Amino acid sequence: MPLTEINFDGIVGPSHNYAGLSFGNVASMGHAGQVSRPRSAALEGIDKMRANLALGLAQGIFLPHPRPHRGWLARLGTSIEEAEPTIAANAMSASPMWAANAATVSPAPDTADRKCHLTVANLRTMPHRSLEWRSTLSQLLVAFRDGAYFQVHPPVPPAFGDEGAANHMRLASGHAEPGLEIFVYGVSGGAFPARQHVEASKAIARLHLLDPGRTVFVQQSEAAIAAGAFHNDVVAVSNERVLFAHEQAFADKQRLLDACQTNVPGFEYVEVAAAEVPLEDAVKSYLFNAQLVSSPDGEMTLVVPTEARETASVWRWIERHLAGNGPIRRVEVVDVRESMANGGGPACLRLRVVADPATIDPRFLADEARLDRIADVVRQHWPEQIAHDALQRPELIADVERARSALLDTLGLSELASA
Ligand code: SUG
């Protein structure tokens, strides 16, 4: 089988809630304390995967992690019953749903040993996200265990923050051609933290055995982070030879464009001017947190969240682009409102891996029938609602733990029960 782009979506976990844990993420901050709907959230995610399948794309899944994270609480000398509310909320976060932050992926055509390299993100900037790496590593070591094709790396040391593929892009004339790998790091973000450290990005490039001539490190603009673009994928996305970005995404745009022009045959840059879509609208609508995908008929489709259609400047821009001669030929609108309210759009929910699907553990791949089975488990076991002050209730905790084991049973992945 040829190398294919596979989108692995994080299944939204049964503890999905709004605790306002992510400073600098305006949606998470703005929805703090609201009632969440885990069942709807997970079903929205499944429908998004179905929309991808309908476009003819290959689809994978990652599992929710065990929550509450009892081991972390124990290391803090407490328990879910006794922890202070903020600590408990961190241990209950369903943040592993945002698979774009699971790892950075360099496909085989880019690496010296011609293996696909994956480095798990340390996510050290936010406490609730720093809990993810161990479970992510366990899953990747099962899904991508064929050492002839994959090399899975543990996180880089936490001295240097790494947030995975959300700050990494790849341009290539085709998915299976050698590409230009773009690492975007932050230095400062006004009042908000810059989460990706350049030393983490450089370490990953070395570990992945990338060709330095086809690797570029670019600084994210301070204005973008200050406007709420806590990850680069809130203001830019790439697919094959196309880079789609906001005018104010990068600190040194010209250096990036020069590298793209030199290394990517047929490179096309689609820029959205601040005068047409201000940064604030880009962040509110998640226009750039779209999935930019090539379906088998060769048409490039932008999979945007409903919030993009509801933001006047953004929808006007999309209609104008579609009417013109640009590379994006279709727009697909998906409803992922529950995730969006925590700052996670269609692109946050997926990790792209270019590989031959036959080399991956099939339990991590999805088709309609498998999604039906997952949806059944979600309908039966996922809590309908979680109020912020209910996060430590024993009945909720029992439901959340039972829901995850029912999913693992259904998927034949019970070996990951405590991972
Ligand atoms: O890290 N939200 C996530 C959203 C991540 C989106 N991912 C990408 N852009 N790739 C974050 O800020 C909110 C959790 C809370 O508030 O409870 C949260 O973690």
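Anything mentioned here points back to the structure above.
Residues numbered from 1 in each chain as written. Predicted model: local features only at pLDDT ≥ 70, side-chain atom pairs only at ≥ 80, totals over all residues. Heavy atoms only, no water.

1. A closer look at the site of the ligand
- Lining the immediate surroundings of the ligand are 20 residues, of which S22, S28, H128, D233 and C348 lie closest.
- One of the side-chain nitrogen or oxygen atoms of H128 is found 2.6 Å away from an oxygen atom of the ligand.
- In the model, an oxygen atom of the ligand is placed 2.9 Å from a nitrogen or oxygen of the R129 side chain.
- Here the ligand has 490 Å² of accessible area as a free molecule, and 99% of this is covered by the chains.
- More than half of the atoms belonging to the ligand lie within 2 Å of the grid points that define the second largest cavity.
- In the shell around the ligand, the residues fall into seven nonpolar, ten polar and three charged. (Near = heavy atom within 4 Å. Polar contact = N/O pair within 3.5 Å; in protein donor to acceptor, adjacent residues only side chain to side chain. Areas by Shrake-Rupley, 256 points an atom, 1.4 Å probe, with all protein chains shown as cover. 1 Å grid on protein atoms, 1.4 Å probe; cavity = no way out; pocket = protein on both sides within 12 Å on 5 of 7 lines; lining within 4 Å. Sits in = over half its atoms within 2 Å of the grid points. Nonpolar A, V, L, I, M, F, W, Y, C, P; charged D, E, K, R; others polar.)

2. Details of empty space enclosed by the protein
- Under the defined criterion, the tally for this structure stands at four cavities of 30 Å³ or more.
- Roughly 320 Å³ of volume is contained in the largest cavity.
- Considering each element in turn, the lining of the largest cavity owes the most residues, five residues, to strand β15 (residues 350-355).
- For the lining of the largest cavity, the class distribution of residues is 14 nonpolar, five polar and six charged.
- Lining of the second largest cavity is provided by 23 residues; of these, S22, S95, W98, H128 and N342 occupy positions nearest its centre.
- Its residues assigned to classes, the lining of the second largest cavity shows seven nonpolar, 14 polar and two charged. (Points joined across faces, edges and corners; volume = space filled by probe spheres on them. Helix = DSSP H or I, 4+ residues; strand = E, 2+ residues; numbered from the N terminus.)

3. Describing the pairing of strand β3 (residues 103-106)
- What you see with β3 is no split at all: A103 and V105 on one side and T104 and S106 on the other are buried throughout.
- Bridging between β3 and strand β4 (residues 116-120) involves four bridges; their strand directions are antiparallel. By the bridge assignment, A103 is partnered in β4 with V120. (Buried < 20%, exposed > 50% of the residue type's maximum accessible area, 1.4 Å probe, protein only. Pairing = 2+ DSSP bridges.)

4. Concerning the nonpolar core
- The biggest cluster of nonpolar side chains holds 78 residues, and the ones touching the most others in it are F8, L118, F144, I182, F250, V353 and I374.
- Counting 19 residues, the second largest nonpolar core, distinct from the first, contains V237, V242, A282 and I328. (Core = buried A, V, L, I, M, F, W, Y, C linked by side-chain atoms within 4.5 Å.)

5. Focus on the packing of helix α2 (residues 38-54) against helix α13 (residues 368-381)
- Two elements in contact, α2 and α13, have axes whose closest approach is 10 Å; the angle formed by their N-to-C orientations is 175 degrees. Accordingly, the angle class assigned to the pair α2 and α13 is roughly antiparallel. On the side of α2, the interface is formed by R39, A42, L43, I46, M49, R50 and L53, while α13 contributes E368, L371, D372, I374, A375, V378 and R379.
- Residues belonging to the contact of α2 with α13 are distributed by class as follows: nine nonpolar, no polar and five charged. (Axes fitted to C-alpha atoms, helices over the stretch in contact; angles between N-to-C directions. Parallel < 35°, antiparallel > 145°, perpendicular 65-115°, else oblique. Contact = heavy atoms within 4.5 Å.)

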